[in-house]
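For reference, the chains in residue letters:
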Amino acid sequence: RVTDDFERERRTGIESCLVSRETFRRHVGWLASRFELATMSRAVEILTGRATARRDVAVLTFDDGYEDVLLHAL
């Protein structure tokens, strides 16, 4: 989960499944500085040889459909 209020959410949620918006932004920035961030379909094209990438590729996925992922991560 990507939360707007980490301290509030950690009281009722599973802390190891939470990340603040700011921490998420920093993590994505770090990934983007080292990898090409790609959609799943682009990654499949690269993996199957139908496309090439200039550098290693990373794809972000989320296992759960929490609203805060849509609001804060997308």
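Everything below is about the structure shown above.
Residues numbered from 1 in each chain as written. Predicted model: local features only at pLDDT ≥ 70, side-chain atom pairs only at ≥ 80, totals over all residues. Heavy atoms only, no water.

Here we come to the overall build of the protein. A count of helices and strands for the protein gives 4 helices and 4 strands. Ordering the α and β elements of the protein from the N terminus gives β-α-β-α-β-α-β-α. For a compact globule of 74 residues, the expected C-alpha radius of gyration is about 11 Å, and the protein comes in at 15 Å, more than 25% above that figure. Each principal axis of the C-alpha atoms in the protein carries an extent, and together these give about 45 × 25 × 20 Å. Every one of the 74 residues in the protein was classed for burial, and the buried ones make up 22%. Sequence separation of at least 24 residues holds for 23% of the intrachain contacts in the protein that already meet a minimum separation of 6. (Helix = DSSP H or I, 4+ residues; strand = E, 2+ residues; numbered from the N terminus. Rg over C-alpha atoms; globule rule 2.2 N^0.38 Å. Buried < 20%, exposed > 50% of the residue type's maximum accessible area, 1.4 Å probe, protein only. Contact = heavy atoms within 4.5 Å.)

We now examine the environment of S41. Relative to the assigned elements, S41 resides in helix α3 (residues 40-47). Note: C-alpha distance between S41 and E67 (26 residues apart in sequence) is 23 Å. Engagement of the side chain of S41 in a polar contact is seen with the side chain of T39, the distance being 3.2 Å. (Polar contact = N/O pair within 3.5 Å; in protein donor to acceptor, adjacent residues only side chain to side chain.)

When you line up the elements, E36 lands in strand β3 (residues 36-37). A relative accessible area of 17% places E36 in the buried class. A polar side-chain atom of E36 sits 2.7 Å from a polar atom in the side chain of R42. Setting aside residues up to four positions removed in sequence, E36 forms contacts with R42, I46, A53, R54, R55, D56, V57 and A58.

A few words now on the pattern of salt bridges. Scanning the entire structure with this criterion turns up 10 salt bridges. For R1, the salt bridge identified is with E9, shortest N-O distance 3.2 Å. Note that R26 is salt-bridged to E22, the shortest N-O span being 3.9 Å. Of the two residues, R26 and E22 both sit in helix α2 (residues 21-34), 4 residues apart, roughly one turn of that helix. A single salt-bridge network, built from bridges that share partners, covers R1, D5, R8, E9 and D68. (Salt bridge = Lys/Arg side-chain N within 4 Å of Asp/Glu carboxyl O.)

Here we take up the side chain of D68. On the secondary structure map, D68 appears in helix α4 (residues 67-73). At a separation of 3.3 Å, a polar atom in the side chain of D68 contacts the main-chain amide nitrogen of V2. Here D68 is in contact with R1, V2 and A73, once residues within four sequence places are set aside.

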